[in-house]
Amino acid sequence: MLLRLQQITYLSEEIKAFRFTSPDGQLLPGASAGSHITVTLSHQLKRSYSLLNTGEQLSHYDIAVKKESAGRGGSKFMHESLMVGKLIDVAAPVNFFELSERAEHYVLIADGIGVTPIYAMWQALKQRNASYTLHYASRSAQDGIMLTEFALDPNCKLHFDAESGIFNMSQAIAEAPEKAHFFCCGPGPMLDAYHKACAHLPPEQIHFEQFAPAASLNQTLNVDSYEVYLAKSEQRFVVPRGQSILDCLLAAGHDLNYSCQQGICGQCETEVLVGEPCHKDQILTEAEKQANRSMMICCSSSRSPKLVFNL
């Protein structure tokens, strides 16, 4: 969709909110809590951002973006180059971080800008009159967002730590009811603490979304060359050592969906017809990886000499 950047709002010194609307006033496709949209900033710059607002149909999409000085350029472009009124290519919402429907209790955990999908979940749970607890960690009150709203809710607990923003994760998990479902979004240190604290729980109760891959892209692609065959176009390519399948196909002129290029957004998921992928993404479940029916071509490679895609 070609949407207009309708509004930019400062939420904190490092975080801005961006609102996108249809130029002709039409309603936009709906989104569930945990959904994200992918914004095309330039030909080679696409980024996915969690939605703050949800509903069956929406008049606008709201996202919040933190400017990352050490990032890969997306947030810097959003903060410094986008102007109100600009038309932007925005993909319809997708959701890889869905809020389960039948949990007896929900525990929502976020750190910093990781609160964006958690905020949408919090709103959805309030509308359902569901049982929940929300933990939001931030380095300080100046770094956090939505604090005024959270402070009015007795089910929300705010944690400030100038060093890391990490609170007593083990205690938060231990205090939850036995059959609670847990949802966490934040940077690596928080997710490490989260997984450690949840290690004793059934996998179906543990949900998370992260900002960075578990392994670096260079490590992921440090494999020998292999062949890729596109079944629909009947084209063959050799993916060399150190290059991703996505980059190989983009260089050959293919127009493909992608965003994060790190295996954490799910935009480049591609159906596999033949071959055994070497999965390195953080999207597919273990069962889906074992089935080998699809893969994220931005970060995953091949265990077999050849992969055949439904492309």
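Scroll up a little and you will see the structure.
Keep in mind that what you see is a predicted model, and the values were worked out from it rather than measured.

Definitions and cut-offs
Residues numbered from 1 in each chain as written. Predicted model: local features only at pLDDT ≥ 70, side-chain atom pairs only at ≥ 80, totals over all residues. Heavy atoms only, no water. Pairing = 2+ DSSP bridges. Helix = DSSP H or I, 4+ residues; strand = E, 2+ residues; numbered from the N terminus. Axes fitted to C-alpha atoms, helices over the stretch in contact; angles between N-to-C directions. Contact = heavy atoms within 4.5 Å. Polar contact = N/O pair within 3.5 Å; in protein donor to acceptor, adjacent residues only side chain to side chain. Core = buried A, V, L, I, M, F, W, Y, C linked by side-chain atoms within 4.5 Å. Buried < 20%, exposed > 50% of the residue type's maximum accessible area, 1.4 Å probe, protein only.

J.: How should I be thinking about the sheet that holds strand E12 (residues 181-186) in this particular structure?
T.: Whenever strands of a sheet pair, they do so through backbone hydrogen bonds, lying parallel or antiparallel. Taken together, the 5 strands give an open sheet; going across it, the order is E11-E10-E9-E12-E13, and neighbouring strands pair in parallel fashion. What marks the edges here is a single partner per strand, and that holds for strand E11 (156-160) and strand E13 (206-210). Here the strands of the sheet are splayed against their neighbours by 10 degrees on average, with no regard to which way each runs. By the bridge criterion, 5 bridges tie E12 to E13 in an arrangement that is parallel. Counterpart to Phe182 in the pairing with E13 is Ile206. Sheet strands touched by helix H2 (residues 115-128): strand E9 (106-111), strand E10 (132-138), E11, E12 and E13. Its angle to E9, the strand with the most contacts, is close to 155 degrees. Each of E9, E10, E12 and E13 is contacted by helix H5 (residues 188-197), which is oriented at about 160 degrees to E12, the strand it contacts most.

J.: Would you mind showing me how to read the side chain of Gln267 here?
T.: Mapped onto the elements of the fold, Gln267 is located in the loop between helix H7 (245-251) and strand E16 (269-274). Side chain to side chain, Gln267 and His36 meet in a polar contact 3.3 Å long. When residues no more than four places from it in sequence are discounted, the contact partners of Gln267 are His36, Thr38, Ser48, Val94, Asn257, Tyr258 and Ser259.

J.: Is there a simple way to think about the nonpolar core in this case?
T.: Soluble globular proteins tend to pack their nonpolar side chains together in the buried interior. Ranked by internal contacts, the top residues of the largest apolar core, which has 29 residues, are Ile118 and Phe150. Of all the secondary structure elements, the ones that give two or more residues to this core are E9, H2, E10, helix H3 (147-151) and E12. Not counting chain neighbours up to four residues away, the residues in contact with Phe150 comprise Val115, Tyr119, Trp122, Leu134, Tyr136, Ile145, Cys156 and Leu158. Membership of the second largest hydrophobic core comes to 22 residues, among which are Tyr258, Cys268, Val272 and Leu284.

J.: Looking at this model, I keep getting lost on the environment of Phe237. Mind explaining?
T.: Looking at the element boundaries, Phe237 is found in strand E15 (residues 235-239). Spatially, the C-alpha atom of Phe237 lies 7.8 Å from that of Cys248, the residues being 11 residues apart in sequence. Once residues lying within four places of it in the same chain are set aside, the contact partners of Phe237 are Tyr226, Glu227, Val228, Leu230, Cys248, Leu249, Ala252 and His254.

J.: Can you walk me through unusual backbone geometry in this structure?
T.: Comment: phi is negative for the bulk of residues other than glycine, and the bulk of peptide bonds are trans. Residue Glu234 is not a glycine yet carries a positive backbone phi of 55 degrees. Phi is positive for Asn292, close to 55 degrees, though the residue is something other than glycine. Its location among the elements puts Asn292 in the loop between helix H8 (286-291) and strand E18 (294-296). For Asn292, a relative accessible area of 18% translates into the label buried.

J.: Is there a simple way to explain the sheet that holds strand E1 (residues 2-10) in this structure?
T.: The 6 strands lie next to each other as E5-E4-E8-E1-E2-E7, forming an open sheet whose pairing is antiparallel. This sheet does not close on itself; its edge strands, each paired only once, are strand E5 (45-50) and strand E7 (61-66). Put simply, the sheet's adjacent strands are angled 40 degrees from each other on average, direction ignored. With 6 bridges connecting them, strand E4 (residues 36-42) and E5 associate as antiparallel partners. Considered in E5, the bridge of Val39 is made with Arg47.

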